[in-house]
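Breakdown of the fold
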Amino acid sequence: MKGLIFTQLSAMIEEQQGLAFLNSLIEESHLPSEGAYTQGGNYDPAEIHSILVCLERRLGIPEEFLLRSFGEYLLLAMVRLYPGFFDVKNLKAFLLSVDRHIHVEVDKLYPDSEMPQFGYLDEGGSDLIIYYRSKKKLCALAEGLISGASRYFDEECSLIHSTCLHRGDHKCTFELTIYDKKQ
C-alpha cells in the first residue's frame, strides 16, 4: 500500500490528537515500519488495520467510522497535493475519472501499486453506481473519499452501500444520487 495513505493518516491523527498521542499509538501498534513512512514508499496494508484497531480502542470509535473520517481528510489532502485531478466540472465527472484517469496516472508513477478497481454504471442524470473491488477491503475509506469529494464540489450526495465485501459479496456497490446545491 502506498505511503501516501500512511503519511496522511499520521498527519490526521497528529492534527486531531497531538504528536504525543500519535507517537504512543505507533508504539502500541507494534508496526514493522515503526511508523516511519514516506509518501512514495510501500507498506504492508496490515499496518493500517493495526493503527485503526488501537485508535478504535483508545477513542471508542468503530474502525469503519474512523476509515470514513480518514477518507474525507485524505480527499482534501489530495486536493492540495494533486490539484490537476480535481480540474473537472462536478462530483460525478470526478468520480468517473478515478479509475479511468487518476489510477492510470498513479500506475505510471508507481507501477507496483495495488489500487482498488472501480466499475461504473452511469445512465445519465443524477444517479451513479460505483462498483468497488479490493483485496484490502477498505470500502469505508472509499465512502469517506466520496463524501469528501461531495463536499469539495459543493454537491449533496446520498450513498447506499448495497453490497459489501465484508458481508461476503464479491464487490461493494455504492448507489449514489447527486444533488447539485447550486441549482
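Fair warning: this is a prediction, and the values are worked out from it, not measured in the lab. (Residues numbered from 1 in each chain as written. Predicted model: local features only at pLDDT ≥ 70, side-chain atom pairs only at ≥ 80, totals over all residues. Heavy atoms only, no water.)

Take the overall build of the protein next. When its secondary structure is counted, the protein shows six helices and four strands. Computed over the C-alpha atoms, the radius of gyration of the protein is 16 Å, within 12% of the 16 Å expected from 2.2 N^0.38 for a compact globule of 183 residues. Along the first, second and third principal axes, the C-alpha atoms of the protein reach 50 × 35 × 35 Å. Out of the 183 residues in the protein, the part that is buried amounts to 45%. Residue pairs at least 24 apart in sequence account for 58% of intrachain contacts in the protein once pairs closer than 6 positions are excluded. Taken together, the 18 basic and 27 acidic charged side chains of the protein have centroids lying 3 Å from each other. (Helix = DSSP H or I, 4+ residues; strand = E, 2+ residues; numbered from the N terminus. Rg over C-alpha atoms; globule rule 2.2 N^0.38 Å. Buried < 20%, exposed > 50% of the residue type's maximum accessible area, 1.4 Å probe, protein only. Contact = heavy atoms within 4.5 Å. Lys, Arg positive; Asp, Glu negative; His and termini not counted. Charge placed at Lys NZ, Arg CZ, Asp CG, Glu CD.)

Our next topic: the packing of helix α3 (residues 46-59) against helix α4 (residues 63-81). Running from N to C, α3 and α4 cross one another at 110°; their axes reach a closest spacing of 9 Å. In this view, α3 runs roughly perpendicular relative to α4, as classed from their interaxial angle. Where α3 crosses over α4, the two elements pack in a sense that is right-handed. Mapping the contact onto sequence places His49, Leu52, Val53, Leu55, Glu56 and Leu59 in α3 and Glu63, Leu66 and Leu67 in α4. (Axes fitted to C-alpha atoms, helices over the stretch in contact; angles between N-to-C directions. Parallel < 35°, antiparallel > 145°, perpendicular 65-115°, else oblique. Left-handed = near helix turned anticlockwise from the far one by under 90°.)

Here the largest pocket is characterised by a volume of approximately 810 Å³. Together, 36 residues line the largest pocket, and Ile5, Met78, His103, Met115 and Pro116 are the ones closest to its centre. Of all the secondary-structure elements, those providing two or more residues to the lining of the largest pocket are α1 (3-17), α4, α5 (91-109), β1 (117-121), β2 (127-133) and α6 (139-152). The leading source of residues in the lining of the largest pocket is α5, at seven residues. The residue inventory of the lining of the largest pocket, partitioned by class, reads 27 nonpolar, five polar and four charged. Along the wall of the second largest pocket there are 19 residues; nearest its centre are Glu63, Leu67, Lys137, Leu138 and His166. (1 Å grid on protein atoms, 1.4 Å probe; cavity = no way out; pocket = protein on both sides within 12 Å on 5 of 7 lines; lining within 4 Å. Points joined across faces, edges and corners; volume = space filled by probe spheres on them. Nonpolar A, V, L, I, M, F, W, Y, C, P; charged D, E, K, R; others polar.)

Glancing now at a nonpolar patch on the surface. On the surface, Leu59, Ile61 and Phe65 cluster together into a nonpolar patch covering about 240 Å² of accessible area. In this fold, Phe65 is placed in helix α4. (Patch = residues over 30% accessible without salt bridge, like charges linked within 9 Å, V, L, I, M, F, W, Y side chains within 5 Å. Areas by Shrake-Rupley, 256 points an atom, 1.4 Å probe, with all protein chains shown as cover. Salt bridge = Lys/Arg side-chain N within 4 Å of Asp/Glu carboxyl O.)

This part is about the nonpolar core. Generally speaking, nonpolar side chains in soluble globular proteins are found buried as a group. By size, the foremost hydrophobic cluster in this structure holds 54 residues, and its most contacted members are Phe94, Ile130, Tyr132 and Phe174. The element that contributes the greatest number of residues to this core is α4, accounting for eight residues. Contact partners of Phe94, with chain neighbours within four places excluded, come to Leu75, Phe85, Phe86, Val88, Ile102, Ala149 and Phe153. (Core = buried A, V, L, I, M, F, W, Y, C linked by side-chain atoms within 4.5 Å.)

Further remarks concern the packing of α5 against α6. Between α5 and α6, whose axes approach to 9 Å, the crossing angle comes to 145°. Here α5 and α6 pass one another in a crossing that is right-handed. Contact residues: Leu91, Phe94 and Leu95 in α5; Ile146, Ala149 and Ser150 in α6. Residue classes in the contact of α5 with α6 are distributed as five nonpolar, one polar and no charged.

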